Amino acid sequence: MSSVAQWELRAAFARSLSTMYGREVPAYTTLVEVSRGVNTDVLAREGSAAERLGSPERVTAERHGAIRVGTPEELFQVGQVFAGFGMHPVGFYDLRDASSSSVPVVSTAFRPIDAEELARNPFRVFTSVLVTDDRRFFDADLQARLEEFLARRTLFPPRLLELAARAEADGALSAEDAEEFLALATAAFELSPEPVDRAWYEELAKVSGVAADIGGVSSTHINHLTPRVLDIDELYRRMEARGIEMIDEIQGPPRWDGPDVLLRQTSFRALSEPRRFREPDGSVTTGALRVRFGEVEARGIALTAAGRAVYDDAVAEVDRRLAEEPSRTRVDVAAQVWAERLPRTEADLDRRGLGAFTYAVVEGARAAGRDLGGADVHALVDAGLVERNPVVYEDFLPRSAAGIFQSNLTDEGSKDATLTGSDRDAAWISGVLARPVADPIALCAEQRERSLAAVAAHFGLDAA
Ligand code: OOG
Ligand code: NI
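Scoring rules and cut-offs
- Residues numbered from 1 in each chain as written.
- Chains lettered and ligands numbered in written order.
- Predicted model: local features only at pLDDT ≥ 70, side-chain atom pairs only at ≥ 80, totals over all residues.
- Heavy atoms only, no water.
- Salt bridge = Lys/Arg side-chain N within 4 Å of Asp/Glu carboxyl O.
- Helix = DSSP H or I, 4+ residues; strand = E, 2+ residues; numbered from the N terminus.
- Buried < 20%, exposed > 50% of the residue type's maximum accessible area, 1.4 Å probe, protein only.
- Axes fitted to C-alpha atoms, helices over the stretch in contact; angles between N-to-C directions.
- Parallel < 35°, antiparallel > 145°, perpendicular 65-115°, else oblique.
- Left-handed = near helix turned anticlockwise from the far one by under 90°.
- Contact = heavy atoms within 4.5 Å.
- Near = heavy atom within 4 Å.
- Polar contact = N/O pair within 3.5 Å; in protein donor to acceptor, adjacent residues only side chain to side chain.
- Areas by Shrake-Rupley, 256 points an atom, 1.4 Å probe, with all protein chains shown as cover.
- 1 Å grid on protein atoms, 1.4 Å probe; cavity = no way out; pocket = protein on both sides within 12 Å on 5 of 7 lines; lining within 4 Å.
- Sits in = over half its atoms within 2 Å of the grid points.
- Nonpolar A, V, L, I, M, F, W, Y, C, P; charged D, E, K, R; others polar.

Undergrad: Is there a simple way to explain the pattern of salt bridges in this structure?
TA: Under the definition given, this model contains 56 salt bridges. We note a salt bridge from glutamate 249 to arginine 330, for which the minimum N-O separation is 4.0 Å. Of this pair, glutamate 249 sits in the loop between α11 (232-241) and β9 (263-269) while arginine 330 sits in helix α13 (residues 330-341), and the two are 81 residues apart along the sequence. We classify glutamate 249 as partly exposed; its relative accessible area is 32%. In this structure arginine 330 comes out as partly exposed when scored by relative accessible area, which is 28%. Between arginine 328 and aspartate 332 there is a salt bridge whose closest N-O contact spans 3.3 Å. Since its relative accessible area comes to 38%, aspartate 332 is described here as partly exposed. Via salt bridges that share partners, Arg58, Glu62, Arg124, Arg228, Glu297, Arg299 and Glu394 belong to a single interconnected network.

Undergrad: Would you mind going over the packing of helix α6 (residues 140-151) against helix α9 (residues 198-207) with me for this structure?
TA: A pair of packed helices can be characterised by two numbers: the angle between their axes and the separation between those axes. Axis separation between α6 and α9 bottoms out at 12 Å; the angle between their running directions is 125°. On the basis of their axis angle, the class for α6 and α9 is oblique. Between α6 and α9 the crossing geometry is left-handed. Side by side, α6 and α9 meet where Leu142, Arg145, Leu146 and Phe149 of the first sit next to Trp200, Glu203, Leu204 and Val207 of the second.

Undergrad: What am I meant to see in the site of ligand 1 here?
TA: Lining the immediate environment of ligand 1, one finds His64, Ala66, Arg68, Phe126, Asn223, His224, Gln265, Glu295, Phe396, Ala401, Ile404 and Phe405. The side chain of histidine 64 places a nitrogen or oxygen atom 3.1 Å from an oxygen atom of ligand 1. Arginine 68 has a polar side-chain atom sitting 2.8 Å from an oxygen atom of ligand 1. For ligand 1, whose accessible area on its own is 320 Å², the fraction buried by protein is 100%. When atom positions are compared with the pocket grids, ligand 1 is found to occupy the largest cavity. Here the shell around ligand 1 is built from residues that sort into six nonpolar, four polar and two charged.

This is the structure we're talking about:
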């Protein structure tokens, strides 16, 4: 019997969620269409330059999803589901402090890690877990009732977990199992028609809209599914021209004439969706909730630890100048700070050790007859013997993520900032998942080192 490889399962999972989400949130389909139009135009305009950060096939199929779970047990299980698709936890994001409003979650992202797997299909899912013991949000009584509610529900049926474990162990499934795995995995993230307990949902919503979305219902669902676009400013204009109201700003780095780094994202709020409610008197009514929305993103070059420090300082500097000159816009101030602090070319981003790059020997390049003594990789690039390729940023930004959560909330909720929160970090997530959580910056550094070693070996150098 023919078998279906993990990357094919992952690509099919992304497609299947996309079909489901398009049915649930029609505005998502509009966003995908507009993104596709922008990408086609950028490829026609810029040709191969536009493919530097991913093939047209990859970018067209590329999506990230966002989901939210309630307990460590649910997080462990979803980690098993994603492992079946070759998606591994990368990065730790603490959204509790990253925003002024009430977002009681910590997160990681599940995604492929190997460059080859990313090129085949980079589907990733930003995954958040509720922090039920954080006193700034939940008092002891609410915590107890919330945990009791969450303990009663089952998000992932045993058969789904079993198939995921098999896909993980074998790296593939039979065609028949693959079909069942995909159907069960997709269904686990579908919006449930089960009535929502109104009183319970509203009690949680007073603390946090995110807490209600996670702990106020008995299943989970995709919160959004995000296509990748090659020109996000153009996308923003085209969506507004269609009368779809976007959030005020594009989050992340500003548009400028230097290299695109990290991640730029923007979103719009979805229309309210009809949901069924169980009222306190036991009757079932139809109401509406506005928790899901559309988001789109543009990805740039990953940064090294040093580059990330420059980026974080630049963001802080933008905040500082804006506080001093509140009449200016963030876009304007950010463009100025970027021009002052970030290198204007890829080559300088690399020479200053700020950007993540890999190197490859130019086809046919021989060292023979050349004196390579002491040559570093930059010299080899300048001599035309080695090419430099940017590493795409495959992860998320805590501040943008908090902005995304926030743009989605109807009110601020309540957070008692005078109390201390509970400890959570990457090691905690890793312990819960029983899987290592990879560090995004370390992954890029390893990729760079491997490519450097191959270049050095080719030219018989000690180190490039
Ligand atoms: C996740 C928000 C974060 C992003 O793209 O930064 C996110 C959520 O709303 O559950 O998806
Ligand atoms: Ni997102």
